[in-house]
Amino acid sequence: MTDIAVRKSRGIRHRGALAVFLVPFGALFALFYVIPIGYAVYQSLLVVERDGTFGPAVQVFGGLTQYIAVFENEAFWSSIGRVLLFGVVQVPIMLGVALILALLLDSPLVRGSKFFRLAFFAPYAVPSVIAAIMWGFLYSPNLSPFTGVTQNVDFLSAESVLWSIANVVTWVYVGYNMLIIYSALLAIPSEIYEAARLDGASQFRIAWSIKIPLVVPALVLTGIFSIIGTLQLLAEPQVFQSFSSAVTSTFTPNLTIYSTASIPNISLAAAMSVVLALATFVLSFTVLKLTQRRTAA
Amino acid sequence: MAISTVARVGAMAALTALALTACSTGGSEAPGAAGGDCAPSDGPVTLTFTSWLPGVEEAVAIWNDENPDIQVEVQTGPNGNGGTYQNFFNQLEAGNAPDLGQIEFDAMPNFRVQDGLENIAACDGILEAEDQFVPWTWSQVTFGEEDAVYAIPQDTGPMAMFYRADLFEAAGIAVPETWEDYQAAAAQIREQGGYINNFSQSDINAFAGLVWQAGGEWFANDGEQWEVNLTGEETTQVAEYWQGMIEQDLVAVYPPWTDEWNAAYNSSEIWTWVSAVWGANTIASGAPDTAGKWAVAPMPQWEAGASAAGNWGGSTTAVLKGSDHPYEAAQFALWLNSDADALTAMNKTANIYPATIEGANLPVFGEGVEFYGGQKIYEVFAEAGNNVDPDFTWGPTMTQVYNDVADGFSGAVSGSGTLLEALQSGQSSTIDALKAAAIPVKE
Amino acid sequence: MTATTASRRSAEPAKPGRSAKTVKPSKARAGGHSGIRESAVSRTIAMAVMVVATLYFLTPIWWLFVASSKTRADFTTTAPLWFADFALFENIAALFDYRNAVFLRWLANSALYAGIGALIATIIAAMAGYAIAKYTFRGRETLFNVILGGVLVPATALALPLFLLFSQVGATNTIWAVFLPSLVSPFGVYLSRIYAAASVPDEIIEAARIDGAGEVRTFFTVATRLMAPALVTIFLFQFVAIWNNFFLPLIMLRDESLFPVTLGLYVWNTQVSQIPDIRALVIVGSLLSIIPLILTFLGLQRFWQSGLANGGLK
């Protein structure tokens, strides 16, 4: 970052231009993120008071009452535990597959990489809701094309449904993550491994010692976004509810928030959202710091 | 209009501070505005009506032709629990709810507790309309209050037993008249490789219909506080009965409304379905290969010779809080749900079974139905409708109750826990949910 | 997160022009003469992995296509992965015929929300990312971190506040309620900051300044061209995000004629138990709703790849 000194003197001079660049995004961001979040936080501090069974409800300031309720809510915490388990297993598998496919596409071993790239990326075009409905049929014991498997293994039972959902998420997002990693690979100057290749290193060796270390930052990026996505799972389990009774109304944190909001207990739902956002932040930050330390070491 | 909206959105930031303060009190303004008076508006009005009933536009079009000064605009969305109720609550909070909305019977107390309904009792002809409706439906829209009407009943779901007449006859099994017979028949059918029924683990409102038939009540409300009773004597009896059927593998346990479930009926694996009147179409379209082989009989009874029936489903048309035209809205709601042409139109597009007494006499209900071997099946349902206990009360957080009990029921069908345990845990989670929403509840 | 990625990136797309140009020929060469070393075995294994992966990714989409082509009766009774009576066009006709072709209207709405929305979102995010990358100002990092924080907030948390906000100005149930919030792409700002830092050299900006070009003009004429691959990427991601989002429209819209296609299909799917015949429409509708996205990929992906290869210094 040699240009910092140059930049420093520049800042104030272009105030007008800065405003042109930043105001459109800043204004929309403030309107549609900052203010709603502020309102949700405010809402989470309220409690309802009521008089008699059909008495009018009055919202009054309740301090941290709702947060105490969140911390005492077992269903909420077990839903967080469930998605953490999900993430610990699914995110590495998904990124591992994405990495392998990206490396293969980038290697000279594979012919027709243009076709494969599109084939792998295609599921990303399928909206989560529709992907979940489709896989519901594929898992079905009677209607699946693979009834030989699905009649012996119940993909929708309480023990396996979490992993059946993990498969849907993997199916949709492998291609997306693969493309991010692949574009990082494309950007590696080929001189870097030209020498290794001339020295007789195998493709596997080049991938392992040269390419992978260079795409670690891309892996960290996709990893963090996957963790955030995992904690916010909503559409897939919501659709799965219609064909697997093992998916409860508190299966994931977002589903718990959704069912709480539809009671309607808006303040409790708002407090849960705030806690979930904080938990997401803490987790992605921790993962970031851990990976940074490892790459630095 | 587009431009002015942009301008308004631009002013949003300035208004937000206002929004934050206004919203917190918005829900509780002007309590009890209606009830005392209900006067017609001056000049032409346009009403908005949110409903997820497929093809309801056709019935509304009839009204719009006849009433140029009261035009009704239909808006749509997913079914109630699929998002429309949530939207209603948001809209009530923001003060921009539609004039009229479709609300199912089991969600009425929730909207009443959230102060989301206009009392239309003072509007012309509404109180007098009571006689036109099946008695139990009217008690659902008045909550037992004096001089109060919060919605007009639209359709109902009186329950009966759909059964495979051909299979019963071929096997020489008598059509069961009591639940005891039913269990005995179940064992015989199981010997032949079939199932008598499917236990619908996630249709808690169907289970409620069975409890309703047995004379149980899940909620009571004395004006001071709610009482929750998911584990009463009758409920326990029904839960233990079905628990036994599940444990002895006498019922199938497919998740309802899936293709698996349809396929089980279509392939003659399942012989009966104790369900509501609208189920007639569900079978016809889900199990087309079995056309002509079905028949309908009254629900099996707990006491031989009795004729109690349960109810599963049914909706109302409610005037939502904050409507500027409650008089016109009430007139439309009453017309929509009692006019013969409107009911016929809605029956045609959405298979509704009317909540009016006269509705059961519409020509369409007098005909034999081919799918049921030409039986005049609606006669059975009309009879059942008259035998539904009017005192059953829904609670103010039914979505939560359904979710919590369904979570436990699905454990029970896969062998962890029992139906009764699921109801017990539903009992305590419901009390917690009511307390969390500051709704007074007896512990 | 930003530090590592940014520094890595600055070493990387920095020279996308050079690298990509050399990658291609060298690859071709490598493929040629390393043939002995990369044994037939590893080649076979690699292709086998590709084929298995292709089957995994495409079978469900194939299933959807086959299912869309079947009559209602054949759907449950014939082999799920092969055609029975080919009724695709009858099904499509029935879909377009249902409720005055409302499905076509939904497709058009989605195209409008996602197409124009993603375009504007890309421009706005690119400006913000570029400014954060290329100008020093107080609170720069804080601003960037706050924007990134936006990614952490669950959509369920924003739903009610956004609804109340739009209610205040009477704009719920208008296209603006869906369109305006989808113009905000925090991830887009993140990507364009990184790409701007890496692929727009300060010297070029200086040169433009010396030529007397204004800052804003420099951005639109010089920087956007250098950032083209990133812009296409942001557009693509935002397009998909808007197309797939049904939560916001679900809350905001009541008028069926304003629905995007995902919400419309969701609504129909909730009516399946009432009117089972709708299921066939949901399936064929799902197929039709993903075709525009796949076409967008096909079109843009080529652009994207060529952008990666040719972007950078011209």
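Treat the numbers as computed from the prediction; the structure is a model and nothing was measured.

A short note on the overall build of chain B
Consideration 1: Within chain B, the regular secondary structure consists of 18 helices and nine strands.
Consideration 2: With the C-alpha coordinates of chain B rotated into their principal frame, the extents come out at 70 × 50 × 45 Å.
Consideration 3: Per-residue burial over chain B gives 56% buried out of 443 residues.

Points about the overall build of chain C
Consideration 1: Across its full length, chain C holds 16 helices and zero strands.
Consideration 2: Taking all 314 residues of chain C together, the buried fraction comes to 50%.
Consideration 3: Expressed as a percentage of contacts within chain C between residues at least 6 apart in sequence, the contacts between residues at least 24 apart total 76%.

Regarding the domain arrangement of chain B
Residues and elements named next belong to chain B.
Consideration 1: When the domains of chain B are assigned, the result is domain 1 (37-156 + 313-366) and domain 2 (158-311 + 373-436).
Consideration 2: Spacing between the C-alpha centres of domain 1 and domain 2 amounts to 28 Å.
Consideration 3: Broken down by secondary-structure element, the contributors of at least two residues to the side of domain 1 that touches domain 2 are helix H5 (108-113), helix H6 (135-142), strand S9 (311-319) and helix H15 (363-366).
Consideration 4: Broken down by class, the residue content of the side of domain 1 that touches domain 2 amounts to eleven nonpolar, eight polar and one charged.

Re the nonpolar core
Consideration 1: Counting 340 residues, the largest nonpolar core has Ala102 and Ile181 of chain A, Ala330 and Phe332 of chain B together with Ala128 and Met227 of chain C as its most contacted members.
Consideration 2: By residue number, the principal contributor to this core is helix H8 (residues 161-186) of chain A, which donates 19 residues.
Consideration 3: Excluding residues within four positions of it along the chain, Ile181 of chain A makes contact with Ala98, Leu99, Ala102, Val215, Ala218, Leu219 and Thr222 of chain A.

Re the interface of chain B and chain A
Consideration 1: Contact with chain B, which involves 42 residues of that partner, is made by 37 residues of chain A.
Consideration 2: In terms of residue count, helix H17 (residues 398-413) of chain B provides more of the side of chain B that touches chain A than any other element does, six residues in total.
Consideration 3: Along the lines of polarity and charge, the residues of the side of chain B that touches chain A split into 18 nonpolar, 18 polar and six charged.

Observations concerning the domain arrangement of chain C
Residue and element names in this part refer to chain C.
Consideration 1: Looking at the assigned domains, one finds that chain C contains domain 1 (30-86) and domain 2 (87-310).
Consideration 2: One C-alpha centre belongs to domain 1, the other to domain 2, and the line joining them spans 30 Å.
Consideration 3: Each side of the interface is counted separately: domain 1 has ten residues, and domain 2 has eight residues.
Consideration 4: Looking at the side of domain 1 that touches domain 2 element by element, the count peaks at four residues for helix H3 (residues 40-68).
Consideration 5: Grouping the amino acids of the side of domain 1 that touches domain 2 by side-chain chemistry returns four nonpolar, three polar and three charged.

Structural notes on the packing of helix H6 (residues 102-134) of chain C against helix H10 (residues 186-199) of chain C
Residues and elements named next belong to chain C.
Consideration 1: Two elements in contact, H6 and H10, have axes whose closest approach is 7 Å; the angle formed by their N-to-C orientations is 50°. Looking at the two axes, H6 sits oblique to H10. Two packed elements cross with a definite hand, and for H6 against H10 that hand is right-handed. On the side of H6, the interface is formed by Ala121, Thr122, Ala125, Ala126, Ala128, Gly129, Tyr130, Ile132, Ala133 and Lys134, while H10 contributes Gly188, Val189, Leu191, Ser192, Arg193, Ala196 and Ala197.
Consideration 2: Counted by class, the contact of H6 with H10 contains eleven nonpolar, four polar and two charged residues.

A short note on the pairing of strand S1 (residues 45-50) of chain B
Residue and element names in this part refer to chain B.
Consideration 1: Here S1 pairs with strand S2 (residues 70-75) via six bridges, running parallel. Opposite Thr46, over in S2, you have Gln71 as the bridge partner.
Consideration 2: Crossover connection from S1 via helix H3 (residues 56-66) to parallel S2: handedness right-handed.
Consideration 3: When S1 meets strand S3 (residues 100-104), the two strands line up parallel, connected through two bridges. Within S3, the residue paired with Phe49 across the bridge is Leu100.

Section: the packing of helix H5 (residues 113-121) of chain A against H3 of chain C
Consideration 1: Put simply, H5 of chain A and H3 of chain C touch, their axes get as near as 8 Å, and they point 35° apart. The interaxial crossing formed by H5 of chain A with H3 of chain C has left-handed handedness. Contacts between H5 of chain A and H3 of chain C involve Phe116, Ala119 and Phe120 of chain A on the former and, on the latter, Met50, Ala53, Thr54, Phe57 and Leu58 of chain C.
Consideration 2: Taken together, the residues of the contact of H5 of chain A with H3 of chain C break down into seven nonpolar, one polar and no charged.

Some thoughts on the interface of chain A and chain C
Consideration 1: At the interface, 83 residues of chain A touch 80 residues of chain C.
Consideration 2: By residue number, the principal contributor to the side of chain A that touches chain C is helix H2 (residues 15-43) of chain A, which donates 16 residues.

Description of the pairing of strand S7 (residues 272-276) of chain B
Residue and element names in this part refer to chain B.
Consideration 1: Among the five residues of S7, five are classified as buried, and the element is accordingly described as predominantly covered.
Consideration 2: Note that strand S4 (residues 151-164) and S7 share five bridges and pair antiparallel. For Met161, the partnering residue across the bridge sits in S7 and is Val274.

Overview of helix H8 (residues 179-191) of chain B
All names here are of chain B.
Consideration 1: With 13 residues, H8 ought to run about 18 Å at 1.5 Å a step, and its terminal C-alpha atoms sit 19 Å apart, in line with that.
Consideration 2: Where the residues of H8 are buried, they touch helix H10 (233-247).
Consideration 3: Phi turns positive one or two residues past the end of H8, at Gly193, with a value near 95°.

Notes on helix H12 (residues 215-226) of chain C
Consideration 1: Its twelve residues give H12 of chain C an end-to-end C-alpha distance of 15 Å, which sits within 8% of 16 Å, the value for a rise of 1.5 Å per residue.
Consideration 2: Among all positions in H12 of chain C, only Glu215, Thr218, Phe219, Ala223, Thr224 and Leu226 of chain C are buried. Angular distribution of buried residues about the axis of H12 of chain C spans 155°; they occupy a single face of the element. Residues of H12 of chain C that are exposed and angled more than 90 degrees away from the buried face: Arg217 and Thr221 of chain C.
Consideration 3: In this structure, the buried side of H12 of chain C is in contact with H2 of chain A together with H6, H10, helix H11 (202-210) and helix H13 (228-244) of chain C.

Definitions and cut-offs
- Residues numbered from 1 in each chain as written.
- Chains lettered and ligands numbered in written order.
- Predicted model: local features only at pLDDT ≥ 70, side-chain atom pairs only at ≥ 80, totals over all residues.
- Helix = DSSP H or I, 4+ residues; strand = E, 2+ residues; numbered from the N terminus.
- Buried ≥ 20, exposed ≤ 12 C-beta atoms within 10 Å, placed from the backbone.
- Contact = placed C-beta atoms within 7 Å.
- Domains from an automatic or database assignment.
- Nonpolar A, V, L, I, M, F, W, Y, C, P; charged D, E, K, R; others polar.
- Core = buried A, V, L, I, M, F, W, Y, C linked by C-beta atoms within 7 Å.
- Axes fitted to C-alpha atoms, helices over the stretch in contact; angles between N-to-C directions.
- Parallel < 35°, antiparallel > 145°, perpendicular 65-115°, else oblique.
- Left-handed = near helix turned anticlockwise from the far one by under 90°.
- Pairing = 2+ DSSP bridges.
- Right-handed = clockwise from strand over helix to strand, strands pointing away.
- Expected span 1.5 Å × (residues − 1).
- Arc of directions from axis to C-beta.

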